Amino acid sequence: MIEKFKISIPISVLTTVLALILFDIYTAMNILIISIVLHSLLYLFYLLEEERKIREADKYLPVFIKNLTRNVGAKVPLIKALIETSKQKYGNLTKIFNSFARKLEVGIDLKKGFDYLISFFKTNRKIRNSLIIMKETFTSGFGIKETLESVYNYIVKITLVEGERKSIVSQYIVLFYAITSIFLLITVMIIRIMVPIFSNFVENMQRQGQYVEIPCEVPYTPLQNFICSFYENEMKLFKKEFKPAEFYLFGVLFTGIIIQSIFSGIIIGIGIERSLIKGLIHSLILFSITFFALLVLGRLGFI
């Protein structure tokens, strides 16, 4: 997956630059945003795949240890017990254990065999540590059955605790997504109702010969000019025709919902999932939901 990113990211950057040269900045911005979203979703798929592998290991390694404990308890020689146990079915891990068995059959050193097995579980700390303990125990040859039973109980209990924690955590994640969706709905309704009202109010007052100062109509400072240009460019992503009164209010509301989406994702990652990377993924998902919802509504003329 990471190797594919090394190819796809430069292609995306090149496409964005070509769009900027051949078309305009707004087309380039849309391509860049879509590229970021697609890469984020691909990385999310990669993380989910890693999570699936961890769940597979949590499910089948205790079965492997239980079978191995049974063979060791039946006084089967250690290497033979490992080989016979590894040749059984363990879901998606079957190929890994079968390969481990073949290495032991051709006479590979026991430590190297376990190192080969451990290399597949680098990201799963409890499984990796359990296999390291088993490697040292089988090398020493003492207390094997008791150690295997302890390792089995350790994995089962830790997996159970992690499952309970995930079920609790998922509720809070859903809550943050619901909050963002509600905030998005409120923002859309404000844009739909308040922006036209304010724009019509300004037009009516100007027809009556009264001056109404519109924010961003005449920026007075470089900072105001930068902010107003930023709001105007945001508006151009969603609508081709608009008035100064419209893009100012839209820019304020759009920037607000985007900031809320990004920081909600970061809070989910750091506060709930204890991972900044996962937090950034959640931020990009929430940003994507917000951006494309407003983009579709803008193209349909609802906002």
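The structure this text deals with has already been given above.
The model shown is predicted, which means the values in this text are computed figures rather than measured ones.

Reading the values: the criteria
Residues numbered from 1 in each chain as written. Predicted model: local features only at pLDDT ≥ 70, side-chain atom pairs only at ≥ 80, totals over all residues. Heavy atoms only, no water. Helix = DSSP H or I, 4+ residues; strand = E, 2+ residues; numbered from the N terminus. Rg over C-alpha atoms; globule rule 2.2 N^0.38 Å. Buried < 20%, exposed > 50% of the residue type's maximum accessible area, 1.4 Å probe, protein only. Contact = heavy atoms within 4.5 Å. Salt bridge = Lys/Arg side-chain N within 4 Å of Asp/Glu carboxyl O. Phe/Tyr/Trp six-rings, centres within 6.5 Å; stacked < 30°, edge-to-face > 60°.

### Side note on the overall build of the protein chain
Thought 1: A tally of regular secondary structure across the protein chain gives 10 helices and 0 strands.
Thought 2: Helices and strands in the protein chain line up, N terminus first, as α-α-α-α-α-α-α-α-α-α.
Thought 3: Against the 2.2 N^0.38 benchmark of 19 Å for 303 residues, the protein chain shows a C-alpha radius of gyration of 29 Å, more extended than a compact globule.
Thought 4: Overall, the C-alpha framework of the protein chain stretches about 100 × 40 × 35 Å when taken along its three principal axes.
Thought 5: Evaluated residue by residue, the protein chain yields a buried proportion of 37% over its 303 residues.
Thought 6: For the protein chain, the proportion of contacts with a sequence separation of at least 24, taken over those separated by at least 6, is 61%.

### As for the pattern of salt bridges
Thought 1: What the rule picks out here adds up to 5 salt bridges.
Thought 2: The partner of Lys 145 in a salt bridge is Glu 149, and the shortest N-O contact between them spans 2.8 Å. Placement of both Lys 145 and Glu 149 in helix α7 (residues 144–207) is noted, with a separation of 4 residues, approximately one turn of the helix.
Thought 3: Classification of Glu 149 by relative accessible area gives partly exposed; the value is 34%.

### Section: the packing of aromatic side chains
Thought 1: Throughout the structure, instances matching the rule amount to 9 aromatic pairs.
Thought 2: With a centroid separation of 5.8 Å and 75° between ring planes, the pair formed by Phe 64 and Tyr 90 is classed as edge-to-face. Of the two residues, Phe 64 is situated in helix α2 (residues 25–73) and Tyr 90 in the loop between α3 (78–86) and α4 (94–105); the sequence distance between them amounts to 26 residues.
Thought 3: For Phe 64, a relative accessible area of 0% puts it in the buried group.

### Here we look at the side chain of Ser 130
Thought 1: In this structure, Ser 130 sits in helix α6 (residues 125–140).
Thought 2: Residue contacts for Ser 130: discarding those within four places in its chain leaves Val 151, Tyr 154 and Ile 155.

### Focus: the side chain of Lys 135
Thought 1: Relative to the helices and strands, Lys 135 is located in helix α6.
Thought 2: Excluding its chain neighbours within four sequence positions, the residues that come into contact with Lys 135 are Lys 111, Phe 114 and Asp 115.

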